[in-house]
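Topology and contacts: notes
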Amino acid sequence: MRLASCLSALCSAGLLCAGLGAPAAGAQTTEPVVHEPNSAITPQMSGPAYIAARGGFGSAREMTVAMSRTDLGGGARVEGELTVLVGEDWVLEQGNGPVTLYDFAEERTVEFDREAGTFSNLATHALARRNLDIYVALSDRGMREQIDFADVVGLDRFWLEAAMGISAREADVELSVADDTLTAVRGDETVTRIGFGTCHSPALNESQAAAFNAWLVRAAPVHPTVSAALLDQDRAPCALSFVIYSPDSPQGREESWSIESADMVPNADVFASGDSVALPGPDLLQELLWPAVLEAVRGEAGDTPGPITFMDDIESLREAGDLAGALLLSIRETHHFGPCPTATIGSARLACTSMSGLRAQGIGNADFERVAAGLAAVDSGDHAGAIAALRPSLSRQDRAGAAARTLVANELVAWGREGLEAHEELDPARLLAEAIVLDPLAPDTYWYLGERFLVAGSPETAFTLFELGSALPGRDMTPLLQQSVELKARIEDVAPAYFPAAFGLNPD
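Residues numbered from 1 in each chain as written. Predicted model: local features only at pLDDT ≥ 70, side-chain atom pairs only at ≥ 80, totals over all residues. Heavy atoms only, no water.

1. With respect to the sheet that holds strand β11 (residues 189–195)
Taken in spatial order, the twelve strands line up as β9-β10-β11-β12-β13-β1-β2-β3-β4-β5-β6-β14 in an open sheet, and their pairing is mixed. A strand with exactly one partner marks an edge of an open sheet, and here the two such strands are β9 (174–178) and β14 (276–277). Pairing of strand β2 (residues 78–86) with strand β3 (residues 90–94) involves four bridges; the strand directions are antiparallel. Note on β3: the bridge partner recorded for Val-86 is Val-91. (Pairing = 2+ DSSP bridges. Helix = DSSP H or I, 4+ residues; strand = E, 2+ residues; numbered from the N terminus.)

Written out as structure tokens, the structure is:
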């Protein structure tokens, strides 16, 4: 594991810095590796659409994994088994609940619920970020050696790192390979034993073995230091045993996994159905937002307005005497295309070039001057003044109203707890959702709402918004939304086990 790079990326992501200190003198750091998966695969896709965009899955090996669990504090041995399909760069996990696809090549984790008939595909970055958030919160940014969680007091941080698949530093573990067995010893306790030898695993080709190992790292609570050693192997194991301590097993438990069979499946039927797309998020999104967003992403929301369309609409509002609306629409144009260019002469961004004329025309117009004062308050950091001036425009049901909602929501968030308490009747998430419903083709609003959910601890919803905002027809990624790509790159660097090097990610 590239420890120095991991620490650097955690600090860059604003997650781990305080008290960790800088990497040791002379330590090598690397820039985050940006992997480019198939950008056509986005969260709004059904199962058949996903397969078509991916180009199919090809042949696979169907493997039966026998599992047993023994509590170290006493109790009966529990046994079971799991069936997985292992492809060249993916693994499908089949149990009694939803089917889970680990698509390593496309950096996605997909769930298909047979009973509900729903299909959900998420960026794996969202799941890695969720575990990273948990790790940061419980370990005090990697500084706490003992973790208190639920009814467990004094759980060693090592076990939290094993459960989350994320570690701020390499563990003090002695790794050795002898007699086709990789062994990890911590102190006087053998925490992991991975056996290779002769079994059904050699039936896997090199790519399938890499995919199987990548799945084991995601599925089994093994410490990242051990996971890195497994991912360095060019063969799949026959058996795996490990010890884990957790709130469910405060006295510890030992699990043993072994490969019982590996049968060829020429054309893997991964998920042929699943037309009902399930997107994450609370009722606000399910009932208000997602229908409008899906319509927009599928190109069913009407014509996509360009800079000329915005200019025409601004001129129409000016001619009608709605100068406040024209000013707000000029702001909304930047939510579609990014900040106005520094040099506006000759620019295709006509709304930017006309701003000075609009301001001159608006002198003496009370509504215009109110909105202009609100924008000036935004620029100066006067959150209370901005909200007071822009709030009357929240009643608008047009793109200008979408701009007002976005501005007010951002001011509430920037103001913090004081602002939210002063305006309990205004919900930033609802205002941003309403802005998207009114004008679903503005990428910046997806970033603002996604960031709100990310901070609130819902990365699945956040990354869904980021990706859908990036998939809008006729829109380039704005500088704001580009930050989601940079965020993904940092997560890949912090949590390399989720993005294995065998598939072009995080090379040493």
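Still more ground to cover, so stick around.
2. Considerations on the packing of aromatic side chains
What the rule picks out here adds up to twelve aromatic pairs. On the basis of an interplanar angle of 75° and a centroid distance of 5.2 Å, the ring pair of Phe-57 and Trp-90 is categorised as edge-to-face. With a gap of 33 residues between them, Phe-57 in the loop between α2 (47–54) and β1 (60–71) and Trp-90 in strand β3 connect regions that are remote in the sequence. With respect to class, Phe-57 is no different from Trp-90; both count as buried. Among the aromatic residues, those joined into a ring-pair cluster are Phe-212, Trp-215, Phe-242 and Trp-257. The ring centre of Phe-196 lies 4.2 Å from the NZ or CZ of Arg-235, which sits over that ring. (Phe/Tyr/Trp six-rings, centres within 6.5 Å; stacked < 30°, edge-to-face > 60°. Buried < 20%, exposed > 50% of the residue type's maximum accessible area, 1.4 Å probe, protein only. Lys NZ or Arg CZ within 6 Å of the ring centre and 35° of its normal.)

3. Regarding helix α14 (residues 399–415)
Taking 1.5 Å of rise per residue, the 17 residues of α14 would be expected to cover 24 Å, and the 24 Å separating its terminal C-alpha atoms lies within 8% of that figure. By the criterion of burial, α14 is predominantly enclosed, with 13 of the 17 residues buried. (Expected span 1.5 Å × (residues − 1).)

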